[in-house]
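Coordinates in review
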Amino acid sequence: MSENSVIPSNGSSPEGRHSSDLTRRRMLQGAGVALAAAAGTAVIGFTGPSRQSAVAADPGAGDEFDEVYQGRRLQGRRLDGGHDSGHGGHHGSGYQVLIDGEELHVMQNADGTWISVVNHYQTHATPRSLARAAVIDLQGAELLPLS
Amino acid sequence: MAVRKNQATLTAKEKRDFVDAVLELKRLGRYDSYVSTHNTFIISDSDNGERVGHRSPSFLPWHRRFLLQFEQDLQSINPAVTLPYWDWTADRTTTSSIWGPDFLGGNGRSSDGQVTTGPFAYSGGKWTLAVRPDSRNYLRRSLGSAVAALPTKAEAESVLAMSTYDMAPWNSSSDGFRNHLEGWRGVNLHNRVHVWIGGHMATGMSPNDPAFWLHHCFIDKLWAEWQTRHRDQSYLPTGNTANVVDLNETMKPWNNVSPADMLDHTKFYTYDTGF
């Protein structure tokens, strides 16, 4: 299975991303943990398969998570009363993502997709796939505290 | 009148003058405020809250003003310098001259994405990143890895053909020229180029890569081209729109300039050619 085969050339558009994700979800339905794990580990490297492939096994956007991914601890959680969509607070998302305890600034788009300070021009279907994409980009580097 | 030129046509001296002025701003400590200003706006511009620099109608006038300030800063170093633009519909490979060692330098290396050629390579000692998302203080790129292809001329033309500037709800879900140019919908022009370059250009601190200015100069040129083609259309909205900068409202952080003030770029500069 080619990791790139279902990703359109304009994969960073919300429409393209959605169709890509849905296609991959369908492809992975019933495929089991092994294939999902393979998809998660096949995205290491700069010129390798697109990072989008980690999206496939994700749960819905509302899910919270606490996992170790490529050696980094990823936590995602809804914030109590975090429905402020304007400035201040936790920067408007009502959702917090931590990588090794340091906050990754994230934001939800009007269409429900997500972006982060590391991937600010490319949408992801869920906070978890966004956090994983940040881990891949970081290559072991530490996030700096939000100013 | 200053003329902004296609980077592919610059002479060796023009390239050197631009690069030297950028490096001098960095050396003087005046570059990093552009990085932090951009990031401050991009992480607070939200689809349902206040939005000025991004995902909103003022995306284009805000960046026009932002680029003007940077260009004037460069001109305080060397009055002959103007911002070049990068027509990524024409110069679209990882080995195009824009990425040459005499200009912006090339792709990041495969091991860690670090740019190792050209004047902005970390090893040159003149381009250490201060305002950055993570512990790495060297400029990174990953050309063509996260998205395969830059937008084509046909795709740009399809967006230029859209007659309405912007539409409610005036955010990343809007129909219209601005949002298709910005790239949250449709063929995706502006956002996709950030992603294509990758590394710091994919982050909220994207001005860390001087390619930011050449990319946004072309976005600015596309807006000017749209204005030429749609004489009966203009900036929207014109008034009473919550969280959004109306035509005659001022834009942060300057608070003394409105989108209306930015509509005619020929007051400040011209472009060498049409699209």
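All values reported here derive from a predicted model rather than from experimental measurement. (Residues numbered from 1 in each chain as written. Chains lettered and ligands numbered in written order. Predicted model: local features only at pLDDT ≥ 70, side-chain atom pairs only at ≥ 80, totals over all residues. Heavy atoms only, no water.)

Points about the pairing of strand S1 (residues 65-69) of chain A
Residue and element names in this part refer to chain A.
- Only one face of S1 is covered, namely the one carrying Phe65, Glu67 and Tyr69; the face carrying Asp66 and Val68 has none of its residues buried.
- Of the pairings in the sheet, the one linking S1 to strand S2 (residues 72-78) comprises five bridges and is antiparallel in character. The residue of S2 that forms the bridge with Phe65 is Gly76.
- The hairpin formed by S1 and S2 contains two residues between the paired strands, and Gln70 there has a positive phi angle of roughly 50°. (Buried < 20%, exposed > 50% of the residue type's maximum accessible area, 1.4 Å probe, protein only. Helix = DSSP H or I, 4+ residues; strand = E, 2+ residues; numbered from the N terminus. Pairing = 2+ DSSP bridges.)

Considering the environment of Trp86(B)
Residue and element names in this part refer to chain B.
- As for its position among the elements, Trp86 is in the loop between helix H3 (59-77) and helix H4 (153-160).
- Judged by relative accessible area, Trp86 falls into the buried class, the value being 0%.
- As a C-alpha pair, Trp86 and Leu263 span 177 residues in sequence and 21 Å in three-dimensional space.
- In this view, Trp86 contacts Gln7, Asp91, Ile98, Trp99, Leu150, Val193, Trp196, Ile197, Leu214, His215 and Phe218; residues no more than four positions away in its chain are not counted. (Contact = heavy atoms within 4.5 Å.)

Digging into the interface of chain B and chain A
- Each partner contributes residues to the interface: chain B has 49 residues there, and chain A has 35 residues.
- Of the roughly 3200 Å² buried at the junction of chain B and chain A (both faces included), carbon and sulfur atoms supply 53%.
- Between Arg136(B) and Asp137(A) there is a salt bridge, with the nearest N and O atoms lying 3.4 Å from each other.
- Inspection of the region where chain B meets chain A yields twelve residue pairs in polar contact (both at pLDDT 80 or more).
- Breaking the side of chain B that touches chain A down by element, the ones donating at least two residues are helix H2 (32-44) and helix H6 (190-197) of chain B. (Buried area = accessible area lost by both parts, 1.4 Å probe. Salt bridge = Lys/Arg side-chain N within 4 Å of Asp/Glu carboxyl O. Polar contact = N/O pair within 3.5 Å; in protein donor to acceptor, adjacent residues only side chain to side chain.)

Overview of the pairing of S2(A)
- By the bridge criterion, five bridges tie S2(A) to strand S3 (residues 95-99) of chain A in an arrangement that is antiparallel. Across the sheet, Gly76(A) pairs through a bridge with Val97(A), a residue of S3(A).

Here's the deal with the pattern of salt bridges
Residue and element names in this part refer to chain B.
- Evaluated as defined, the whole model comprises 27 salt bridges over all chains.
- The salt bridge involving Asp73 is made with Arg30; its shortest N-O contact spans 2.5 Å. Of this pair, Asp73 sits in helix H3 while Arg30 sits in the loop between helix H1 (12-27) and H2; the two residues are 43 residues apart in sequence, bridging distant segments of the chain.
- Using a relative accessible area of 30% as the deciding quantity, one classes Arg30 as partly exposed.
- Here Lys252 makes a salt bridge to Glu50, at a shortest N to O gap of 3.0 Å. With Lys252 in the loop between helix H7 (211-229) and helix H8 (259-262) and Glu50 in the loop between H2 and H3, the pair connects residues that are 202 residues apart, well separated along the chain.

Considering the nonpolar core
All names here are of chain B.
- Counting residues in each nonpolar core, the largest one holds 94 residues, and the members touching the most others are Trp86 and Trp213.
- The element contributing the most residues to this core is H7, with ten residues.
- Leave out the neighbours within four places in its chain, and Trp213 touches Tyr31, Tyr34, Phe66, Leu67, Phe70, Leu83, Pro84 and Pro207. (Core = buried A, V, L, I, M, F, W, Y, C linked by side-chain atoms within 4.5 Å.)

Examining the sheet that holds S3(A)
Residues and elements named next belong to chain A.
- Spatial ordering of the open sheet is given by S1-S2-S3-S4, a layout of four strands whose pairing is antiparallel. The open sheet has two edge strands, S1 and strand S4 (102-104), and neither has a second partner. Here the strands of the sheet are splayed against their neighbours by 25° on average, with no regard to which way each runs.
- Sheet contacts for helix H3 (residues 127-138): S1, S2, S3 and S4; angle to S1, the most-contacted strand, approximately 25°. (Axes fitted to C-alpha atoms, helices over the stretch in contact; angles between N-to-C directions.)

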